[in-house]
Amino acid sequence: MLRAPSPALLESLRSLLGPRGFTRDAEVLAPWLSDWRSRYHGRSAALLSPASTAEVQAIVARCSAERVALVPQGGNTSMVGGATPDPDGGALLLSLRRMNSVRSVSPEDNVAVAEAGVILSDLHDAAAAAGRRFPLSLGAKGSATVGGLVSTNAGGTQVLRFGPMRSLVLGLEAVLPDGSLFEGLSALRKDNRGYDLKQLLIGAEGTLGIVTAASLKLVAAPGSRSVAWVGLGSPAAALALLRRLEARLGEAVESFELVPEDALALVLAGIPGTRAPLAGAHRWHVLVESVAPEGARDSAEALQEALAAALEEGLAEDALVAANEAQASALWRLRESIAEAERLQGPSVKHDVSVPVSAMPAFIEEARAAVEERFEGARVVAFGHLGDGNVHFNVQPPAGMAAETWLAGQAEAVTRLVHDRVGEAGGSISAEHGIGQMKLGELARTADPARLAALRAIKNALDPAGIMNPGKLIPSL
Ligand SMILES: Cc1cc2nc3c(=O)[nH]c(=O)nc-3n(C[C@H](O)[C@H](O)[C@H](O)COP(=O)(O)OP(=O)(O)OC[C@H]3O[C@@H](n4cnc5c(N)ncnc54)[C@H](O)[C@@H]3O)c2cc1C
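In this report, we go over the structure that sits alongside the text. Being a predicted model, the structure only gives us computed values, none of them experimental.

1. Here we look at the site of the ligand
No. 1: The environment of the ligand is formed by 36 residues, the closest being Pro72, Gly74, Gly75, Thr77 and Thr145.
No. 2: At a separation of 3.1 Å, an oxygen atom of the ligand approaches a polar backbone atom of Gly82.
No. 3: Side-chain polar atom of Thr152 to an oxygen atom of the ligand: 2.8 Å apart, as the coordinates give it.
No. 4: Within the complex, 96% of the 980 Å² of free accessible area of the ligand lies under protein.

2. As for the pairing of strand E18 (residues 390–396)
No. 1: In terms of burial, E18 is largely enclosed, as 7 of its 7 residues are buried.
No. 2: The alternating pattern of E18 places Asn390, His392, Asn394 and Gln396 and Val391, Phe393 and Val395 on opposite faces, both of which are buried.
No. 3: Looking at chain direction, strand E16 (residues 352–354) and E18 are connected through 3 bridges and run antiparallel. Note that in E18 the partner of Asp352 across the bridge is His392.
No. 4: Pairing of strand E17 (residues 379–385) with E18 involves 7 bridges; the strand directions are antiparallel. From the neighbouring strand, Val380 faces E18, where its bridge partner is Val395.
No. 5: Joining the antiparallel neighbours E17 and E18 is a turn of 4 residues, in which Gly389 adopts a positive phi near 65°.

3. Focus on the nonpolar core
No. 1: Core analysis: the largest hydrophobic core is formed by 50 residues, its most contacted members being Phe256, Phe363, Val371, Phe393 and Val395.
No. 2: With 7 residues, helix H15 (residues 403–424) is the single largest residue contributor to this core.
No. 3: For Phe393, the contacting residues outside a window of four places in its chain are Val349, Lys350, His351, Phe363, Ile364, Ala367, Arg368, Val371, Val380, Val381, Ala382 and Val418.
No. 4: Formed by 29 residues, the second largest nonpolar core is a distinct cluster that contains Phe162, Leu168, Leu201 and Leu208.

4. Examining the side chain of Thr53
No. 1: With respect to the helices and strands, Thr53 occurs in helix H3 (residues 53–66).
No. 2: Polar contacts involving the side chain of Thr53 include one to the side chain of Arg103, which spans 3.4 Å.
No. 3: Ignoring any residue separated from it by four or fewer positions in sequence, one finds Thr53 in contact with Met99, Arg103, Glu173, Val175, Leu181 and Thr212.

5. Some words on the pattern of salt bridges
No. 1: For the coordinates displayed, the defined rule picks out 22 salt bridges.
No. 2: In this structure, Arg161 engages Glu254 in a salt bridge whose closest nitrogen and oxygen atoms are separated by 2.8 Å. Taken as a pair, Arg161 in helix H6 (residues 159–162) and Glu254 in strand E13 (residues 253–260) lie far apart in primary sequence, 93 residues in all.
No. 3: Residues joined by salt bridges that share partners form a network here, namely Arg133, Arg161, Glu251 and Glu254.

6. Some points on the environment of Gly295
No. 1: Note on placement: Gly295 falls in the loop between strand E14 (284–292) and helix H11 (299–312).
No. 2: The exposed category is assigned to Gly295, whose relative accessible area is 83%.
No. 3: The sequence separation of Gly295 and Ser215 amounts to 80 residues, and the corresponding C-alpha distance is 29 Å.

7. Concerning H15
No. 1: When the terminal C-alpha atoms of H15 are compared, their 29 Å separation across 22 residues agrees well with the 32 Å that a helix rising 1.5 Å per residue should span.
No. 2: Its axis deflected by about 55° at Gln410, H15 carries its strongest bend there.
No. 3: When we look at burial in H15, the residues that qualify are Trp406, Leu407, Ala411, Val414, Thr415, Leu417, Val418, His419 and Val422.
No. 4: Buried positions along H15 lie against E16, helix H14 (360–374), E18 and helix H16 (440–446).
No. 5: Immediately beyond the C-terminal end of H15, within one or two residues, lies Gly426, with a positive phi of roughly 75°.

8. Overview of the pairing of strand E8 (residues 169–175)
No. 1: Counting buried residues along E8, 7 of its 7 residues qualify, which places the element largely inside the surrounding structure.
No. 2: Across 6 bridges, E8 lies against strand E10 (residues 210–217) in antiparallel orientation. Within E10, the residue paired with Val175 across the bridge is Ile210.
No. 3: Hairpin connection, E8 to strand E9 (residues 181–184): the antiparallel pair is bridged by 5 residues, and Gly179 has positive phi, about 95°.

9. A closer look at the side chain of Gln396
No. 1: Mapped onto the elements of the fold, Gln396 is located in strand E18.
No. 2: By relative accessible area, which is 7% here, Gln396 ends up buried.
No. 3: Discounting residues that sit within four places of it in the chain, Gln396 has contacts with Leu266, Gln345, Ser348, Ala378, Arg379, Val381 and Trp406.

10. Description of the packing of helix H10 (residues 261–270) against helix H13 (residues 338–345)
Between two packed helices, both the angle of their axes relative to each other and the distance between the axes serve to describe the pair.
No. 1: Between H10 and H13, whose axes approach to 9 Å, the crossing angle comes to 75°. By the angle between their axes, H10 is roughly perpendicular relative to H13. Every residue of H13 that contacts H10 at Ala263, Leu266, Val267 and Gly270 is listed here: Ile338, Ala341, Glu342, Leu344 and Gln345.
No. 2: Here the residues of the contact of H10 with H13 sort into 6 nonpolar, 2 polar and 1 charged.

11. What to know about empty space enclosed by the protein
No. 1: Going through the model one piece at a time under the given rule, you end up with 1 cavity of 30 Å³ or more.
No. 2: Looking at the largest cavity, its volume works out to about 50 Å³.
No. 3: Looking at the lining of the largest cavity, the elements that each hand over two or more residues are H6 and E13.
No. 4: Ranked by the residues each element gives to the lining of the largest cavity, the list is headed by E13, at 4 residues.
No. 5: Within the lining of the largest cavity, the residues separate by chemical class into 4 nonpolar, 6 polar and 3 charged.

What counts as what
Along each chain, residue indices are assigned from 1 in the same order as the chain's sequence is written. At least 70 in pLDDT is required for a residue's local features to be given in this predicted model, at least 80 for side-chain atom pairs to be given and counted, and no such filter applies to totals for whole chains, interfaces and linings, which use all residues. To get the side-chain values, take all heavy atoms of the structure and skip hydrogens and water. The criterion for a residue being near a molecule or strand is simple. One of its heavy atoms has to lie within 4 Å of it. Between N or O atoms, a polar contact is any pair within 3.5 Å; within protein, one atom must be a potential hydrogen donor and the other a potential acceptor, and residues adjacent in sequence are included only when both atoms are from side chains. Residue burial considers only the protein chains on display, and all accessible areas are found by Shrake-Rupley using a 1.4 Å probe. Relative accessibility under 20% of the residue-type maximum defines a buried residue, over 50% an exposed one, and the middle range a partly exposed one, all with a 1.4 Å probe and only protein chains included. Only runs of H or I of at least four residues qualify as helices and only runs of E of at least two qualify as strands under DSSP, and these elements are numbered from the N terminus. For two strands to count as paired, DSSP must find a minimum of two bridges between them. By nonpolar core we mean a set of buried residues, namely Ala, Val, Leu, Ile, Met, Phe, Trp, Tyr and Cys, connected to one another through side-chain atoms within 4.5 Å. Note on contacts: a residue pair is in contact if any heavy atoms of the two residues lie within 4.5 Å. Each reported salt bridge corresponds to a side-chain nitrogen of Lys or Arg within 4 Å of a carboxyl oxygen of Asp or Glu. For a helix, the expected span equals 1.5 Å multiplied by the residue count minus one. Bending is quantified residue by residue as the angle between axes fitted to the seven-residue window ending at that residue and the seven-residue window starting at it. Working convention: axes come from line fits to C-alpha atoms, limited for helices to the stretch in contact. Angles between N-to-C directions cover 0 to 180 degrees. Relative orientations are named as follows: roughly parallel for angles under 35 degrees, roughly antiparallel for angles over 145 degrees, roughly perpendicular for angles from 65 to 115 degrees, and oblique for any other angle. Any residue that is not Ala, Val, Leu, Ile, Met, Phe, Trp, Tyr, Cys, Pro, Asp, Glu, Lys or Arg is counted as polar, Gly included; the first ten are nonpolar and the last four charged. Only protein atoms enter the 1 Å grid, on which a cavity is a set of points fitting a 1.4 Å probe that cannot get out and a pocket is an open set with protein on both sides within 12 Å along at least 5 of 7 lines, lining residues being those with an atom within 4 Å of a point. Grid points are joined across faces, edges and corners, and a volume is the space filled by probe spheres set on the points.

Okay, structure coming up:
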């Protein structure tokens, strides 16, 4: 049974952490008590902001002794309410944002050791300063932190070549639910001492412990990079184009992002300073990024040639290769602003799903048709990481209808329909955002009993009192 924090516990945490690390000020707490989409709203008696691993250990040991729950939080950009505490106010909010130092960058080992609160774009800068690159990026890079990225096994726009966070974490330092320290930071490329605790913590959404630092793989900085915007007729044409570009350019293709016309229209209408990249209208668009190593032929020339061939073959309708860095950033901004443009538009039913890559074009077309047929007037915006088989399949209420009312009546049925289609295609109801609190019911409904039993057994073994991020990821019995 979890308990609310006692006045004595709060006082002991206040004196442990000092004024910079402990607050009960409602105004300071407010922005951290709801999620990025303002869908979930919680309460907490205090915000704890430790500055060191030793402080995290002391917090967890004291909370464990008193059976008080902790909700770890990084940049609070979770798309599934993973970092929002329950409304009952019994859990303490544990922010890792003050633990923001990059402890080391080793170009020889191709490894960076970063604390949990390091913001992704700061990690990019630290790697670049050493002539290296951390090859994972996403739209929330200015806020999302290393601890959050590890704990959600984040994906993003370079999974095609480098895989998700799980492929990039070499080691972890973490405080386990009893306050003990897992010292797994050593950046070994081989370590076969049985169960891999690091892999359990990756994607655990804070339910098995607090990540305090990570050793992360770096790669060589590219000699050149090029970004192109392509207009085409369908997701099937986009997949054919991807395979054609890979045949010509090989591993140089790092990103391949699918954008429907309606998502681009949302961005152009809602995000200041954006403009259409191509003159004509196209039902679908793709953003491609390719790179070339230092000393090799410029990536723009190779991409230009490959796209010209694809246009001749009829795989694409029009294409533009960015002429300079500013144009390249403007193209990326179009892609990375879709989530923000959707948020400005108002609430919708979100799905972050994956299916085998070859099944993705048919999945998008058929699921869209099924939703539009059953829910009259509903508008599907399906965009995402085509090369990873990951689509953000979002459904907006019919135009002119009160969004909240429509969602209250239809959201559950929409989600069931979409997730059932995902199941039929052999896919997953969570590709990269995790389960959080948003998908608990759907995980319980769709996961096989063996998977659920194993999840619960691991949770009970490592966190028997259930103090770590309760109400997230693990559906209750
Ligand atoms: C505009 C936008 C675009 C996005 N694009 C992508 C995308 O392309 N790909 C993608 O995968 N995600 C994407 N996301 C989702 C989000 O950015 C990722 O899930 C990210 O990894 C969350 O990091 P965070 O630091 O904000 O974590 P938070 O939101 O603070 O927390 C996320 C989860 O991790 C836990 N947690 C946080 N820190 C720790 C820690 N130190 N130890 C243990 N548990 C911890 C929390 O309890 C919570 O369960 C996007 C979000 C936004 C707003």
